[in-house]
Amino acid sequence: MNQQVSKDVNSEILSEWVVEGMKEKKAMDVVVMDLREVKYAIADYFVICSGNSDTQIDAISDSIEEQIHKNSKQNPWKREGQQNKEWILLDYVDVVAHVFNKEKRTFYGLEELWGDAKITRVEEN
């Protein structure tokens, strides 16, 4: 199921591009979860962030898509949550970006759910 567009684009690079897309639109509380050592993980990385408003959540997800497409010509394999803007998920198979509003992020607690993952908090600008 590991899909790579070119030899140079691995899941680690893809996760870095997701972070760049998030930072571009001032996403808050950006976390990279390395799931490569977690048994039964569905991806190599989850990259999670929060936005303050529907507009910002939308802008962050658009920015992620633009960043990935600009660098690798990839589009998400799956995209969910565009309508309700509480939790937008962009699935790039090996890397999954999660853009939450604060309430939904707290409610779902992905960081706690995947507690075995290596978690890196990204410094805010």
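Quick caveat, the model's predicted, so the values are computed rather than measured.

Scoring rules and cut-offs
Residues numbered from 1 in each chain as written. Predicted model: local features only at pLDDT ≥ 70, side-chain atom pairs only at ≥ 80, totals over all residues. Heavy atoms only, no water. Pairing = 2+ DSSP bridges. Helix = DSSP H or I, 4+ residues; strand = E, 2+ residues; numbered from the N terminus. Axes fitted to C-alpha atoms, helices over the stretch in contact; angles between N-to-C directions. Contact = heavy atoms within 4.5 Å. Parallel < 35°, antiparallel > 145°, perpendicular 65-115°, else oblique. Left-handed = near helix turned anticlockwise from the far one by under 90°. Nonpolar A, V, L, I, M, F, W, Y, C, P; charged D, E, K, R; others polar. Core = buried A, V, L, I, M, F, W, Y, C linked by side-chain atoms within 4.5 Å. Buried < 20%, exposed > 50% of the residue type's maximum accessible area, 1.4 Å probe, protein only.

Colleague: What's the story with the sheet that holds strand S6 (residues 118–121) in this structure? I'm lost.
Modeller: Sheets are built from strands paired through backbone hydrogen bonds, the pairs being either parallel or antiparallel. The six strands are arranged S3-S4-S5-S2-S1-S6 in an open sheet whose pairing can be described as mixed. Looking along the sheet, the strands with just one partner apiece sit at the ends: strand S3 (78–80) and S6. Looking at each pair of strands side by side, their axes are set apart by 15° on average, direction ignored. Bridge count between S3 and strand S4 (residues 87–91): three bridges; the pairing is antiparallel. Bridge pairing in S4 links Lys78 to Asp91. The sheet strands contacting helix H1 (residues 11–24) are strand S1 (28–34), strand S2 (45–51) and strand S5 (95–101), and the helix crosses S2 at an angle near 5°. Contacting S1, S2, S3, S4 and S5, helix H2 (residues 54–72) crosses the sheet at an angle of about 165° to S5.

Colleague: Is there a simple way to explain the packing of H1 against H2 in this structure?
Modeller: Between two packed helices, what matters for the description is the angle formed by their axes and the separation of those axes. Running from amino to carboxyl end, H1 crosses H2 at an angle of 135°, the nearest separation of the two axes being 8 Å. Regarding the angle of H1 to H2, the classification is oblique. Here the hand of the crossing between H1 and H2 comes out right-handed. Across the interface between the two elements, Leu14, Trp17, Val18, Glu20, Gly21, Met22 and Glu24 from H1 touch Ile60, Ser63, Ile64, Gln67, Ile68, Asn71 and Ser72 from H2. Residue composition of the contact of H1 with H2, grouped by class: seven nonpolar, five polar and two charged.

Colleague: How should the nonpolar core be read in this particular structure?
Modeller: Taken as a class, soluble globular proteins show a tendency for nonpolar side chains to be buried jointly. Grouped together as the largest cluster of nonpolar side chains are 22 residues, with contacts concentrated most on Val18, Met22, Val47 and Ile64. At the level of elements, H1, S1, S2, H2, S4 and S5 are the ones that each hand at least two residues to this core. In contact with Ile64, other than residues within four places in its own chain, are Val18, Gly21, Met22, Leu90, Tyr92, Ala97 and Val99. One finds Leu35, Val38, Ile48 and Phe100 within the second-largest nonpolar core, a separate group that totals 13 residues.

Colleague: Is there a simple way to think about the pairing of S4 in this case?
Modeller: With four of five residues buried, S4 is to be regarded as a mostly interior element. Here S4 pairs with S5 via five bridges, running antiparallel. Directly across from Leu90, in S5, lies its bridge partner Ala97. Connecting S4 to the antiparallel partner S5 that follows it, the hairpin turn spans three residues, and Val93 within it adopts a positive phi of roughly 70°.

Colleague: What should I look at first to understand the environment of Ala43 in this one?
Modeller: Along the chain, Ala43 falls in the loop between S1 and S2. Separated by 18 residues in the primary sequence, Ala43 and Lys25 place their C-alpha atoms 24 Å from one another. If near-sequence neighbours (up to four positions away) are discounted, Ala43 is found in contact with Leu35, Val93, Asp94, Val95 and Val96.

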